[in-house]
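Descriptive structure summary
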Amino acid sequence: MSTIIKSTLKLTLRNKGFWFFLIITPLLSVLILNINQENNLAYYSKDDAPHISELSNLDDKVAYYRGGGEYVIKVYDACQSELSEYLLNKLAENNMFKVCRVKADGLTKEEACICVENDGINDRMGAAIYLDKNFDKKASDNEDNALTIYILSDDEREKLLIYEVGQCLGRIQAAAAMGKEETIMQALKEMDAALPKEEVSLPKDESGNGLTTRQLTQKTLVGYAFAFMTLGFVFCGIIVAHTAIKEQKDMVLTRIKLSGIGSYEYFAAKLIVSIIVSMMLTVLLGICTFFVDTDAMGMKRLEFIGMIFLLGVIFCSISLLLGSLMGNVMSANVAAFTLWSLSSMLAGLYFPLDYTTKAIKTLSYIMPQKWFVDGTEMILTDDNKAFFMLLCVTVAYLVIIISLGSVGIKFKSSDE
């Protein structure tokens, strides 16, 4: 058995493709962990807390914020004061609205009309609001041109928007009538505190973890790292399987069996090589992670490396199984690529599966990466049961792989 392991390792290390995946995939994984895209990566997160979505410039599109079916409002804020912030926060508290604000210093009403006309053609929104640079004074004095509302759709919720804006302006005018200008915000806070408190009870999220936006970004980055490392594990496992395919074709396997080694021992030897290969990939990734801030991962370096190793053991073994059963190098390579692409997609590494059908969600739990993504969530929320779950999942996959691999090789040998 040790002879099989040594010979397989020698053949694997001579393969140039093995060295390509051994070096490239850890580097790509580290590169993706260093990406700083907190706002974009957490965009599809479930965020029930009311907030104003900030836009970087006037040309930014708000159509991408329609995912939850809200009435999207683009605000051109030329004032940027406490009162304008108060008005927009009040609108954002209504779950029917999605408020997207662009801070537009010095923007005049005429320029805002041009922007609205352009957005009406090239963007999709329910309405737009222009806040005058003198909004505070004009709103307090009950002037008509403190703000301008542009209705850009036939949505009936425009009436609710006009009503909510009118209510907010009424409160601002009432607060201004109480005293000096600097006490307006204080008066508004007192008026809001006197209102009855609303308590909303939402159904528990399916994941049950309640991740913050930062943690969702960390989970997304780790998921991308899983995708790249899975690519390396899959193809390195297939390269190990190439040795088994060659031995079957050259009748080496038959001679090995004549020496007294059975199908279980032969497949176990190949499996040990796969585990060694996954260990090599993990060690190289571990070295590369010293160039990554642990805050980007949201977990300790050893926890991340441990998850990668367990994931590698599973996928190297699955690739070995596929290659051994197919008995053809080209078919094994195609199967490996299909395995990597479909499993990563169905596991939700590229995009969330929150709004997919129940059948796809069920299918995703067959994919190993799904369990490791769930384990990542548990680690981010300090759940100590994460590694026990991942160990059980790894053992379960290995039991299935060893059983199928040994039986498969035995049947192939019998057919030959």
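Read on for an overview of the structure.

1. What to know about the overall build of the protein
Looking only at helices and strands, the protein has 17 helices and 5 strands in total. Sorting the 416 residues of the protein into buried and exposed places 46% on the buried side. Of the contacts made within the protein by residues no fewer than 6 positions apart, 77% connect residues no fewer than 24 positions apart. For the protein, the accessible area works out to roughly 21600 Å², and carbon and sulfur atoms hold 59% of it.

2. Looking at the sheet that holds strand β4 (residues 127–131)
What holds strands together in a sheet is hydrogen bonding between their backbones, with the strands either parallel or antiparallel. Strand order in this open sheet of 5 strands is β1-β3-β2-β4-β5, and the pairing throughout is mixed. Each edge of the open sheet carries a strand with a single partner, namely β1 (53–55) and β5 (147–151). Going from strand to strand, the sheet's axes swing by 25° on average, the running direction of each strand aside. Here strand β2 (residues 71–77) pairs with β4 via 5 bridges, running parallel.

3. A look at the pattern of salt bridges
Within the structure shown, the criterion is met by 12 salt bridges. Note that Asp 141 is salt-bridged to Lys 137, the shortest N-O span being 3.2 Å. Classification of Asp 141 as partly exposed rests on a relative accessible area of 44%. Note that Asp 155 and Arg 157 form a salt bridge whose closest N and O atoms lie 2.8 Å from each other. The exposure class of Asp 155 is partly exposed, given its relative accessible area of 24%. Look at Arg 157 and you get partly exposed, because its relative accessible area is 22%. Among the charged side chains, a salt-bridge network with shared partners connects Glu 54, Asp 77, Glu 85 and Arg 101.

4. Some details on the packing of helix α7 (residues 157–176) against helix α8 (residues 184–194)
At a closest axis distance of 8 Å, the pairing of α7 and α8 adopts a crossing angle of 120°. Between α7 and α8, the angle is such that the two are oblique. Judged by the sense of rotation from one axis to the other, the crossing of α7 with α8 is right-handed. In this structure, α7 contributes Arg 171, Ile 172, Ala 174, Ala 175 and Ala 176 to the contact, and α8 contributes Ile 184, Ala 187, Leu 188, Met 191 and Asp 192. Partitioning the contact of α7 with α8 into residue classes produces 8 nonpolar, no polar and 2 charged.

5. A word on the nonpolar core
With 65 residues, the main nonpolar core has Leu 33, Phe 226, Phe 304 and Phe 372 as its most contacted residues. Elements with a contribution of two residues or more to this core: α1 (2–13), α2 (16–33), α9 (213–249), α11 (263–288), α13 (301–326), α14 (329–346), α16 (368–380) and α17 (386–415). For this core, the element with the highest residue contribution is α9, accounting for 17 residues. Sequence-distant contacts of Phe 372, that is, excluding residues within four places in its chain, are made with Phe 226, Met 307, Leu 310, Leu 311, Ile 314, Leu 390 and Thr 394. Residues Val 99, Ala 127, Cys 168 and Met 185 belong to the second largest nonpolar core, which totals 31 residues.

6. Considering the environment of Ala 241
Along the chain, the position of Ala 241 falls in helix α9. Each C-alpha atom of the pair Ala 241 and Thr 8 lies 9.4 Å from the other, and the pair is 233 residues apart in sequence. What Ala 241 contacts, discounting residues up to four positions off in sequence, is Ser 319, Leu 320, Gly 323 and Ser 324.

7. Focus on a nonpolar patch on the surface
Taken together, Leu 13, Trp 19, Phe 20, Ile 23, Ile 24, Leu 27, Leu 28 and Leu 31 make up a surface patch of nonpolar side chains, about 700 Å² in accessible area. Among the elements that take part in the nonpolar patch, α2 stands out by supplying 7 residues, more than any other. Within the secondary structure layout, Trp 19 lies in helix α2. Residue classification places Trp 19 among the partly exposed positions, given a relative accessible area of 39%.

8. Considerations on the packing of aromatic side chains
For the structure shown, the criterion picks out 7 aromatic pairs. When the centroid spacing of 5.7 Å and the interplanar angle of 75° are considered together, the rings of Phe 18 and Trp 19 count as edge-to-face. When the centroid spacing of 5.5 Å and the interplanar angle of 65° are considered together, the rings of Tyr 365 and Trp 371 count as edge-to-face. In this structure an aromatic cluster arises from ring pairing among Phe 20, Phe 21 and Phe 235. Directly above the ring of Phe 290 sits Arg 301, whose terminal nitrogen or CZ lies 4.6 Å from the centroid.

9. Points about the side chain of Ser 274
With respect to the helices and strands, Ser 274 occurs in helix α11. Excluding its chain neighbours within four sequence positions, the residues that come into contact with Ser 274 are Val 240, Cys 316 and Leu 320.

10. A look at helix α5 (residues 109–122)
With 14 residues, α5 ought to run about 20 Å at 1.5 Å a step, and its terminal C-alpha atoms sit 20 Å apart, in line with that. Looking at α5, one finds that the buried residues are Ala 112, Cys 115, Val 116 and Asp 119. One side of α5 holds all its buried residues, which, seen down the axis, span an arc of 100°. The exposed set on the far side of α5, more than 90 degrees from its buried face, consists of Glu 110, Ile 114, Glu 117 and Ile 121. Where α5 is buried, its residues contact β2, β4 and β5.

Calculation rules
- Residues numbered from 1 in each chain as written.
- Predicted model: local features only at pLDDT ≥ 70, side-chain atom pairs only at ≥ 80, totals over all residues.
- Heavy atoms only, no water.
- Helix = DSSP H or I, 4+ residues; strand = E, 2+ residues; numbered from the N terminus.
- Buried < 20%, exposed > 50% of the residue type's maximum accessible area, 1.4 Å probe, protein only.
- Contact = heavy atoms within 4.5 Å.
- Areas by Shrake-Rupley, 256 points an atom, 1.4 Å probe, with all protein chains shown as cover.
- Pairing = 2+ DSSP bridges.
- Axes fitted to C-alpha atoms, helices over the stretch in contact; angles between N-to-C directions.
- Salt bridge = Lys/Arg side-chain N within 4 Å of Asp/Glu carboxyl O.
- Parallel < 35°, antiparallel > 145°, perpendicular 65-115°, else oblique.
- Left-handed = near helix turned anticlockwise from the far one by under 90°.
- Nonpolar A, V, L, I, M, F, W, Y, C, P; charged D, E, K, R; others polar.
- Core = buried A, V, L, I, M, F, W, Y, C linked by side-chain atoms within 4.5 Å.
- Patch = residues over 30% accessible without salt bridge, like charges linked within 9 Å, V, L, I, M, F, W, Y side chains within 5 Å.
- Phe/Tyr/Trp six-rings, centres within 6.5 Å; stacked < 30°, edge-to-face > 60°.
- Lys NZ or Arg CZ within 6 Å of the ring centre and 35° of its normal.
- Expected span 1.5 Å × (residues − 1).
- Arc of directions from axis to C-beta.

Everything listed is a geometric property; what it means functionally is a separate question.
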